[in-house]
Amino acid sequence: MAVELTKVALWIETVDPGLPLGFFDAQIRCGDSLLGVFHLKVLEQGIPDAAYKPLTGDDKDVAKYYAQKNRREKAERDRIASGFRFDREHDLTRDFVELRAMPENTVEQIEAKAVRLKVLTAEGASAWQLEMACDLYVAAFLLPKIKGGPHAELDGMPRRGAETVGTSGTVWEWLRGVQPFGPLYGAAIDAARTARAFHWPLEFPDVIARGGFDVALGNPPWEVMQLSDKEYFALKNPEIANLTGSKRKAAIVSLALSDPRAYQDYQLMKRLSGAANEFAREAEQFSLVSKGKVNTFGLFAALFLALIRKNGYSGIILPAEILTSETLAG
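What comes next is a walk through the structure. Just so it is clear, the structure is predicted and the values come from calculations on it, not from any experiment.

### Quick word on the packing of helix α12 (residues 229-236) against helix α15 (residues 260-282)
Running from N to C, α12 and α15 point in directions that differ by 140°, and their axes come no closer than 12 Å. Every pair of crossing elements has a handedness; the one defined by α12 and α15 is right-handed. Mapping the contact onto sequence places D229, Y232 and F233 in α12 and A262, D265, Y266 and M269 in α15. Taken together, the residues of the contact of α12 with α15 break down into 5 nonpolar, no polar and 2 charged.

In structure tokens, the structure reads:
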């Protein structure tokens, strides 16, 4: 909705009698700007071990299994990653430069530009291979590490070759043309799409390639990245929200029997909050602002600085805490 309203506002301001409305689809994109691959080089480095830290609902043994597998693969990176292609970023950058140069003076030209964008972002081999690799990377943080399922051994642990959470080897093999295990492939796409993971080098490849944006401007939310039970249930179940301490915790646990769907939704949101925290702590662009309790205003401040080119400008509304907080002193 925000994207559509933005387009309408821009069309109102920029309308030119006799010409069709401008083509904004390639400039206005939608997603979680804090969650996603910011530099494609991280795909070469591999998935951080912190992606497999047990979160709400995870089984510690399963999480440990994936963490150990990931460490082994990174230790053998030269063998596993040998021969993968990583040159399609340049193809995508060239394609987007050509897209932005396409004329849009007639309705037919606008339609042609829309078709070209769809080919680049939804159907093009260059974008799809890199997008799937980025999704596998992010999904490692998001996907639950639990026992059981049709592809588990008798003890409920993942069966070798049939894991449902990707590791560094999964990313590298995909980049050299090896298809991941089907359920893993689908789960990674679903997890990344549900979380609206936003991969900057794929959404704005030409801009990132030239060093960033001229201007980054915004008024982002100021929120501690830690799910508050009281805030979560304030609208969904005010009776639980109004309880305190152990009484609220007991009421939440009782949902598992009285309203399993509501309890599952709560568990999902709690683990997604934890996953976003772990991702922020590992992302290079947030290295100076992800200590202690992570607040989104610090992450956005770092993101805005990372997004602008040399001699670019950043304008962002932030609390005074950005200057006084000890955890942001770096």
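Now, onward.
### Here we look at a nonpolar patch on the surface
On the surface, V215, L217 and Y313 cluster together to form a nonpolar patch covering roughly 390 Å² of accessible area. In this fold, Y313 is placed in strand β2 (residues 308-316). Judged by relative accessible area, which is 60%, Y313 ranks as exposed.

### Overview of the pattern of salt bridges
Tallied over the entire structure, the rule returns 20 salt bridges. Salt-bridge contacts for R116 lead to D95; the nearest nitrogen and oxygen are separated by 3.7 Å. Of this pair, R116 sits in helix α6 (residues 107-123) while D95 sits in helix α5 (residues 88-101), and the two are 21 residues apart along the sequence. Taking the relative accessible area as the measure of exposure, D95 reaches 10% and is therefore buried. Ionic pairing is found between R100 and D206, a salt bridge with its closest N-O pair at 2.6 Å. Linking R100 in helix α5 with D206 in helix α11 (residues 205-209), this pair joins segments that are 106 residues apart in sequence.

Calculation criteria
- Residues numbered from 1 in each chain as written.
- Predicted model: local features only at pLDDT ≥ 70, side-chain atom pairs only at ≥ 80, totals over all residues.
- Heavy atoms only, no water.
- Axes fitted to C-alpha atoms, helices over the stretch in contact; angles between N-to-C directions.
- Helix = DSSP H or I, 4+ residues; strand = E, 2+ residues; numbered from the N terminus.
- Left-handed = near helix turned anticlockwise from the far one by under 90°.
- Contact = heavy atoms within 4.5 Å.
- Nonpolar A, V, L, I, M, F, W, Y, C, P; charged D, E, K, R; others polar.
- Patch = residues over 30% accessible without salt bridge, like charges linked within 9 Å, V, L, I, M, F, W, Y side chains within 5 Å.
- Areas by Shrake-Rupley, 256 points an atom, 1.4 Å probe, with all protein chains shown as cover.
- Salt bridge = Lys/Arg side-chain N within 4 Å of Asp/Glu carboxyl O.
- Buried < 20%, exposed > 50% of the residue type's maximum accessible area, 1.4 Å probe, protein only.

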